[in-house]
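A closer look at the structure
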Amino acid sequence: MTSINAAAAVRAAAPTSPALTATLPVEGMTCASCAGRVEKALRKVPGVLDAAVNLAVENVTVTLNTPVPQQTLLQAVEKAGYGVPQDTVMLGISDMTCASCVTRVEKALRAVPGVLAAEVNLATEQARVTRLHGGADTTDLLAALTKAGYGGHDLATPETAGEAAKRSSLLHRDGLWLIVCAWLSAPLVLPMLGDAFGQHWMLSGGLQLLLATPVQFVFGARFYKAGWAALRAGSGNMDLLVALGTSAAFGLSLWVLATEGDNDMPALYFESAAVVITLVRLGKWLEARAKRQTTEALRALQALRPATAQVKRNGVEVTLPLAEVVLGDEVLLRPGERVPVDGEVLEGRSHINESMLTGESLPVAKAPGDAVTGGAINGEGLLLLRTTAVGAETALSRIVRLVESAQATKAPIQRLVDQVSAVFVPVVVALALCTFIGWWALRGDVQAAIVHAVAVLVIACPCALGLATPAAIMVGTGLAAKQGILIQDAVALETMQAVQVVALDKTGTLTEGKPVLVGLQAAPDTGEAALLSAAAALQAGSEHPLARAVLARAQADGVAVNAAVNVRAVPGRGVSGTQADGGTLSLGSSRWMDELKVLPGALAAQAAAWQAEGRTVSWLARSSGAETPPTLLGLLAFGDTVKPTAAEAITQLHALGIRTVLVSGDNAGSANAVAASLGITEVRSEVLPADKARIVNELRQGLPPGAKVAMVGDGVNDAPALAAADVGLAMGGGTDVAMATAGVTLMRGDPRLVAMTIDISRRTRAKIRQNLFWAFVYNAIGIPLAAWGGLSPVVAGAAMALSSVSVIGNALLLRRWRPGR
């Protein structure tokens with residue numbers, strides 16, 4: 001399948017140009033009527049002359065006569081009920097220095113045909129590119145980066161040992177260069193300190209020139225290179241400001257030295273240029289070290305992958321690289337070794353430490369039939385595993401991708417920063433020019449005018465603005481990952497801090513989700529054994545928790561089970577099936593029995609008593625034919641244990657000022673009993689799956705502006721509510737559907753993680769606000785002060801170098817967070 005970026009095609013045309021065509025892939029079309037709907041939807045878009053669908057290759061060709069935003073075409077297709085297949089690619093970006101670079105990189109990537117969106121993270125130096133499926137080849141993306149003046153590499157391609165060594169040595173090399181730069185600059189600064197004590201150690205102008213020249217043009221070459229690339233791209237960045245400022249100071253000194261000579265010790269500014277370059281390099285080196293700390297959690301996850309595995313093939317044990325292990329391989333795991341793959345235990349017993357994956361501090365017992373996750377550490381036993389997932393499909397790989405994706409996305413608050421960064425450098429250059437003209441016009445002193453303009457250029461660094469949000473998000477998401485909380489994107493992280501209402505499912509969320517059949521009450525004409533046999537017949541082969549409870553009881557009591565046929569689940573009601581004699585069995589809720597017109601009779605009192613005890617009650621009825629009303633066979637009562645941490649979790653949420661609501665499909669008695677034991681005062685019981693989403697929307701009513709509603713669940717029936725909530729939290733022990741729908745995945749079934757997520761989100765948001773406040777205030781104070789003549793270029797350089805380091809340092813303070821503190 002091939003595709004052409006519509007926006008790119010349109011941009012090439014003026015309104016009077018001939019019609020252009022753009023091709024988009026479309027998924028979900030099945031027949032000619034589908035094709036007609038897509039064509040009709042696109043023809044309604046202003047600027048679209050015609051649209052023609054090709055069902056064979058599943059795409060649509062759009063004819064345009066005026067510029068049409070690409071997203072407009074995509075939205076039209078989606079509004080018609082169909083999708084435009086997309087995928088993402090992660091790129092590593094090099095040579096970025098400030099927030100202005102982020103804007104340039106995103107602009108360059110979005111201009112590539114087939115790219116729908118691009119988000120760049122300055123702190124991780126990575127880009128997350130969303131593209132049409134089959135379009136925007138990675139080679140084109142990297143070429144666009146090169147054209148914009150930046151380097152890049154595909155993060156999906158593993159680095160070679162040489163590349164990894166080269167990247168790891170860059171920080172060390174920069175540190176060595178910084179030392180040399182400092183040694184050359186020190187003799188230029190020390191005489192200024194001597195003047196404070198009445199000592200005149202000033203070097204001759206020629207010697208100052210000799211020391212400053214390599215600093216300016218060798219160690220400062222990176223600023224000229226990056227600044228020139230920015231100019232060619234029609235924008236500016238921090239490097240351009242530094243290059244302009246230091247060049248002005250160096251050039252002024254050179255002119256004074258050439259015109260006034262070296263005999264009268266003229267006022268030179270070589271030390272300003274050299275020290276500014278040294279300080280900026282120091283700031284970038286400190287910043288790079290701090291960035292590594294913000295990615296500590298992600299690197300720790302990536303380091304969990306062992307390089308090899310001990311595999312048994314044809315009875316022979318061999319050591320294989322992890323890339324050569326395939327599904328179904330038998331892997332031998334010795335005590336103390338790290339699990340190389342996702343697998344199932346075939347032989348042996350042991351305890352597995354999964355703390356780095358789930359945040360669970362205690363080792364988990366494993367026996368034959370249990371699943372193990374790659375990256376965990378084996379305890380005392382020897383295990384034989386059957387491989388169930390390898391490579392990118394392992395849980396660890398999915399976790400790493402999720403964390404990478406979350407750290408690459410932008411929080412909504414970042415939009416303000418992007419808008420400021422887009423015009424920051426041109427505005428600063430204009431302010432510096434105004435400063436020069438103002439000082440020259442008012443004082444007539446060209447040298448002073450140049451020095452103060454240089455201070456303006458140097459003090460105004462957009463680095464702090466660019467790092468304020470992503471640095472805090474990286475630390476926050478990494479901190480959450482260590483606790484077993486996987487946040488899908490920055491939007492979910494930012495939304496969580498505004499949550500005021502949390503709706504919680506009962507079974508599997510607040511309870512263990514492992515119900516036990518604790519009571520049987522047969523109708524007068526039905527024995528308990530017959531009741532249990534009929535119920536087990538419906539549940540044979542089912543993996544539902546209630547089904548497992550029925551089958552376990554039947555096995556324990558030695559009851560014969562003849563599986564029913566044509567078994568089907570009735571959402572929100574129960575399950576039905578046909579017995580061998582043609583009778584229809586229906587097992588489910590009292591609401592369903594009312595719909596089937598089954599009379600409860602004398603069993604109503606027993607059902608009410610069990611519900612008052614907090615039991616889940618299911619009714620079993622049987623009908624002999626379509627014309628025969630069902631008759632009640634009996635009741636089944638299930639008990640589920642409340643999780644030991646559930647009460648503490650609710651207490652923590654209340655302490656955070658969160659309103660909690662229990663939303664359950666269970667009967668009122670069971671739901672109310674669980675809620676009362678946990679301190680939850682609001683209960684919505686006997687709720688159908690579709691109605692859970694409606695209740696989530698109802699909970700928004702009456703909330704103050706900006707307040708959000710979160711939903712916590714673990715089952716398929718919770719997926720609509722998780723999607724309807726402002727942010728959904730899925731228990732890691734639940735279904736893949738719930739986890740795919742939710743914005744946050746809790747890797748272990750501990751409800752206390754909900755309060756932890758909100759707390760981390762609030763603290764991360766606070767750090768973002770603090771960082772942005774200081775970044776804006778720093779420039780708001782520093783630029784006018786420099787323009788007024790209150791800062792020398794050296795002091796401005798020091799302040800600029802420390803600004804981004806202070807922002808990252810403030811974000812790193814998040815790492816001191818501990819649960820419950």
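Residues numbered from 1 in each chain as written. Predicted model: local features only at pLDDT ≥ 70, side-chain atom pairs only at ≥ 80, totals over all residues. Heavy atoms only, no water.

**Some words on the overall build of the protein**
Summing up its helical and strand segments, the protein has 28 helices and 29 strands in all. When the 821 residues of the protein are sorted by exposure, 50% land in the buried category. Long-range pairs, those at least 24 residues apart, make up 68% of the contacts in the protein between residues at least 6 apart in sequence. Approximately 35900 Å² of the protein is accessible, and the part contributed by carbon and sulfur atoms is 58%. (Helix = DSSP H or I, 4+ residues; strand = E, 2+ residues; numbered from the N terminus. Buried < 20%, exposed > 50% of the residue type's maximum accessible area, 1.4 Å probe, protein only. Contact = heavy atoms within 4.5 Å. Areas by Shrake-Rupley, 256 points an atom, 1.4 Å probe, with all protein chains shown as cover.)

**Section: the pattern of salt bridges**
For the coordinates displayed, the defined rule picks out 17 salt bridges. D505 is the salt-bridge partner of K692, the closest N and O atoms lying 3.1 Å from each other. Here K692 is found in helix α24 (residues 689–699), whereas its partner D505 is found in the loop between β18 (499–504) and β19 (516–522), with 187 residues between them in sequence. Among the residues examined, K692 registers a relative accessible area of 1% and is labelled buried. (Salt bridge = Lys/Arg side-chain N within 4 Å of Asp/Glu carboxyl O.)

**A few points about the sheet that holds strand β8 (residues 308–313)**
The strand order across the open sheet formed by six strands is β9-β8-β10-β16-β11-β14, and the pairing between neighbours is antiparallel. The open sheet has two edge strands with one neighbour each: β9 (316–321) and β14 (371–372). Sheet analysis places strand β11 (residues 342–347) next to β14, joined by two bridges and oriented antiparallel. Counted as the bridge partner of E344 is A371 from β14. (Pairing = 2+ DSSP bridges.)

**Considerations on the environment of R765**
For R765, the position within the fold is in helix α27 (residues 752–787). Assessed through its relative accessible area of 14%, R765 is described here as buried. Measuring from C-alpha to C-alpha, the distance between R765 and A498 comes to 9.7 Å, with 267 residues separating the pair along the chain. When near neighbours in sequence (up to four residues on either side) are disregarded, R765 contacts I413, E494 and Q497.

**A few points about the environment of E347**
As for its placement among the helices and strands, E347 is situated in strand β11. E347 sits 36 residues away from L383 along the chain, and the two C-alpha atoms are 5.7 Å apart. Beyond its immediate sequence surroundings of up to four residues, E347 is in contact with P368, L382, L383 and L384.

**Side note on the pairing of strand β23 (residues 616–623)**
Of all eight residues in β23, seven are buried, a share of seventy percent or more. As paired strands, strand β22 (residues 584–588) and β23 are joined by five bridges and run antiparallel to one another. For S586, the partnering residue across the bridge sits in β23 and is A621. In this structure, β23 lies alongside strand β24 (residues 631–639), joined through seven bridges in antiparallel fashion. If you follow T616 over to β24, its bridge partner there is F638.

**Examining the side chain of T509**
Positionally, T509 belongs in the loop between β18 and β19. Ignoring sequence-local partners within four residues, the contact set of T509 consists of K643, V712, G713, D714, M731 and P751.

**Considering the nonpolar core**
Membership of the largest hydrophobic core comes to 124 residues, with the highest contact counts inside it found for L91, L109, V129, I485, V502 and V744. A total of 12 residues in this core trace back to one element, the largest contributor, which is α27. Discounting chain neighbours no more than four positions away, the residues touching V502 are L653, I658, R659, T660, V661, A710, V712, V754 and I758. (Core = buried A, V, L, I, M, F, W, Y, C linked by side-chain atoms within 4.5 Å.)

**Examining the packing of helix α8 (residues 221–232) against helix α9 (residues 238–260)**
Remark: α8 packs on α9, axes separated minimally by 7 Å, with the N-to-C direction vectors making an angle of 120 degrees. Between α8 and α9, the angle falls in the class oblique. Remark: the crossing between α8 and α9 carries left-handed chirality. For the pair α8 and α9, the contacting residues are R222, F223, Y224, A226, G227 and L231 in the first and M238, D239, L240, V242, A243 and S247 in the second. By residue class, the composition of the contact of α8 with α9 is eight nonpolar, two polar and two charged. (Axes fitted to C-alpha atoms, helices over the stretch in contact; angles between N-to-C directions. Parallel < 35°, antiparallel > 145°, perpendicular 65-115°, else oblique. Left-handed = near helix turned anticlockwise from the far one by under 90°. Nonpolar A, V, L, I, M, F, W, Y, C, P; charged D, E, K, R; others polar.)

**A few points about the side chain of R281**
By the secondary structure assignment, R281 is in helix α10 (residues 270–294). Exposure remark for R281: the relative accessible area of 6% places this residue in the buried category. Within the structure, R281 has its side chain in polar contact with the backbone oxygen of F219 (distance 2.9 Å). The residues contacting R281, other than those within four sequence positions of it, are D174, W177, L178, C181, F219, R222 and F223. (Polar contact = N/O pair within 3.5 Å; in protein donor to acceptor, adjacent residues only side chain to side chain.)

**Structural notes on the sheet that holds strand β15 (residues 377–378)**
Taken in spatial order, the three strands of this open sheet run β13-β12-β15, and their pairing is antiparallel. Of all the strands in the sheet, the pair left with one neighbour each is β13 (364–366) and β15.

**Things to note about α8**
Between its first and last C-alpha, α8 extends 17 Å over 12 residues, near the 16 Å set by a 1.5 Å rise per residue. Buried within α8 we find F223, A226, G227, A229 and A230. Down the axis of α8, the buried side of the element spans an arc of 155 degrees, and every buried residue falls inside it. Turned more than 90 degrees off the buried face of α8, the exposed positions are K225, W228 and R232. (Expected span 1.5 Å × (residues − 1). Arc of directions from axis to C-beta.)

**Quick word on the confidence of the model for the protein**
This prediction gives the protein a mean pLDDT of 81; 86% of its residues lie at or above 70. pLDDT under 50 marks residues 1–18. Its contacts with residues more than four places away, or in other chains, come to 36 contacts. Ignoring residues within four places in sequence, the model shows residues 159–164, a span with pLDDT below 50, making three contacts including any to other chains. (pLDDT = per-residue confidence, 0-100.)

**Brief notes about the environment of L24**
Within the element layout of this structure, L24 appears in strand β1 (residues 20–25). Between the C-alpha atoms of L24 and Q70, which are 46 residues apart in sequence, the distance is 9.9 Å.

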